[in-house]
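Architecture at a glance
Listed below, chain by chain, are the residues.
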Amino acid sequence: MSSTTGIRVYSSINVHKSLERRRLCRVYTRNLSFGRQCLEKPWFAPELAIEKPRDSRTGFTCRNCVPDAEREDCAVRRKKLAVFVSGGGSNFRSIHEASVGGLVHGDVAVLVTDKPGCGGAEYARANGIPVILFPKTKSSAEGLSSIDLITTLRKFKVDFILLAGYLKLIPAELVQAYPKSILNIHPSLLPAFGGKGFYGLKVHRAVIASGARYSGPTVHFVDENFDTGRTLAQRVVPVLANDTAEELAARVLHEEHQVYVEVVSALCEDRIVWREDGVPLIRSREDPNVYT
Ligand code: GRF
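Heads up: these notes are all about the structure in this document. (Residues numbered from 1 in each chain as written. Predicted model: local features only at pLDDT ≥ 70, side-chain atom pairs only at ≥ 80, totals over all residues.)

1. Quick word on the packing of helix 2 (residues 90–101) against helix 7 (residues 245–268)
It is at 9 Å that the axes of helix 2 and helix 7 come closest, and there the two elements cross at 45 degrees. In terms of orientation, helix 2 and helix 7 fall into the oblique class. With respect to the hand of their crossing, helix 2 and helix 7 are arranged in right-handed fashion. The residues of helix 7 that touch helix 2, namely those facing Ser90, Asn91, Ser94, Ile95 and Ala98, are Leu253, Glu256, His257, Tyr260, Val261 and Val264. (Axes fitted to C-alpha atoms, helices over the stretch in contact; angles between N-to-C directions. Helix = DSSP H or I, 4+ residues; strand = E, 2+ residues; numbered from the N terminus. Parallel < 35°, antiparallel > 145°, perpendicular 65-115°, else oblique. Left-handed = near helix turned anticlockwise from the far one by under 90°. Contact = placed C-beta atoms within 7 Å.)

2. Overview of the site of the ligand
In the neighbourhood of the ligand, 14 residues make up the surrounding shell, with Gly87, Ser90, Asn91, Gly165 and Pro187 lying closest. Taken together, the elements giving at least two residues each to the shell around the ligand come down to helix 2, strand 8 (182–186) and helix 7. Classifying every residue of the shell around the ligand by side-chain character gives six nonpolar, seven polar and one charged. (Near = placed C-beta within 6 Å. Nonpolar A, V, L, I, M, F, W, Y, C, P; charged D, E, K, R; others polar.)

3. Quick word on unusual backbone geometry
Backbone torsion omega between Phe134 and Pro135 reads 0 degrees, so that peptide bond is classified as cis. In this fold, Pro135 is placed in the loop between strand 6 (131–133) and helix 4 (146–155). In this chain, Leu190 is followed by Pro191 through a cis amide linkage whose omega measures 10 degrees. Within the secondary structure, Pro191 sits in the loop between strand 8 and helix 6 (201–210). Positive phi, close to 60 degrees, is recorded for Phe193, a residue that is not glycine. Looking at where Phe193 falls in the secondary structure, it is placed in the loop between strand 8 and helix 6.

Dropping the structure here:
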C-alpha cells in the first residue's frame with residue numbers, strides 16, 4: 001500500500017436502506033489506520049449513499065453501508081443470501097451452518113443451481129431452502145431466464161449472491177442487478193490458475209505442474225468474466241513435494257470453508273469497504289481501525 005497516505009475508503013452496500021435513512025446523513029471524520037499508518041481522512045456515513053459527495057474533490061458516489069459504531073440507531077439488518085452451486089455444496093453447507101449457528105448475520109433464502117440433482121440442491125431441500133433452477137436449457141425447460149431469475153431473487157429480497165462451486169458464467173444482467181454484491185470462491189490464488197476451464201481438480205493439477213510452492217482459495221467479487229473480479233480475501237496453503245491434486249484440493253477446501261464464512265460474516269455485518277482504487281477491504285470487527 002504505497003499510497004496509504006492518500007487512501008480513502010468508501011462504505012459498502014445497501015442503497016435501499018440508505019434511502020430510508022437519508023435524514024440521518026452526515027459527514028464526520030475518523031482515524032483510519034492501515035497497518036502502522038494512521039490517517040485522518042473524511043469518512044462518509046452510509047446514508048450518504050444517495051447523496052452527492054459534500055467534498056467535491058472526492059468526486060465519488062458512495063453506494064454501500066458501513067455501520068457506525070458510535071450511532072445507537074444503526075443496528076445492522078440481517079441479510080438474505082442466495083447461494084449458487086453446481087456440485088457437492090460443502091461451502092454452501094458451511095455457510096448455512098454458520099448462519100444457523102449465529103456466526104453469520106444472514107440467512108440462506110434460496111439455493112440456485114444448474115444441476116437439480118447435485119449434493120448442494122439435496123442439502124437445500126433437506127433443510128427447507130427453496131431450490132431454483134438456472135439457467136433454462138433444452139434439457140431443463142423449467143430453468144429460469146436471467147430476467148426471471150432477477151425477479152425471483154428480488155421477490156426473495158436477496159441482498160447478496162454467493163457463488164460456491166457454480167460452474168456457469170453469471171450473465172451481465174445479474175452482475176448489473178447486484179453491483180458489488182456477488183461473491184465467488186475459487187480454489188487458487190488468483191489471478192493465477194483462474195479463468196474459463198480452471199475448475200475442480202484441473203486447478204490443482206495445474207498448480208502442482210507449475211511448481212508453485214503455495215496455493216489457496218481466493219474470495220472475489222464477480223464481474224462479467226470468469227474469476228477476474230476484485231479479490232477480497234485469500235488464504236495460503238503449502239503445496240507439498242508429493243502432493244496429489246486430490247490432497248492439495250482437500251487442503252485448499254478446508255481453508256475455503258473458513259475463509260468464505262469469515263468473508264460472508266463481514267459482508268452481512270456491512271464490514272466491506274472500498275478503497276479509492278476499487279480494491280475491497282474487510283474491516284475488523286474487533287478493531288474498526290484495522291483492515292485486511
Ligand atoms: C470449491 O473448490 C470452490 O473453490 C470452487 O468449486 C468448489 C466447490 O466445492 N469454486 P463445494 O461444492 O463447495 O464442495
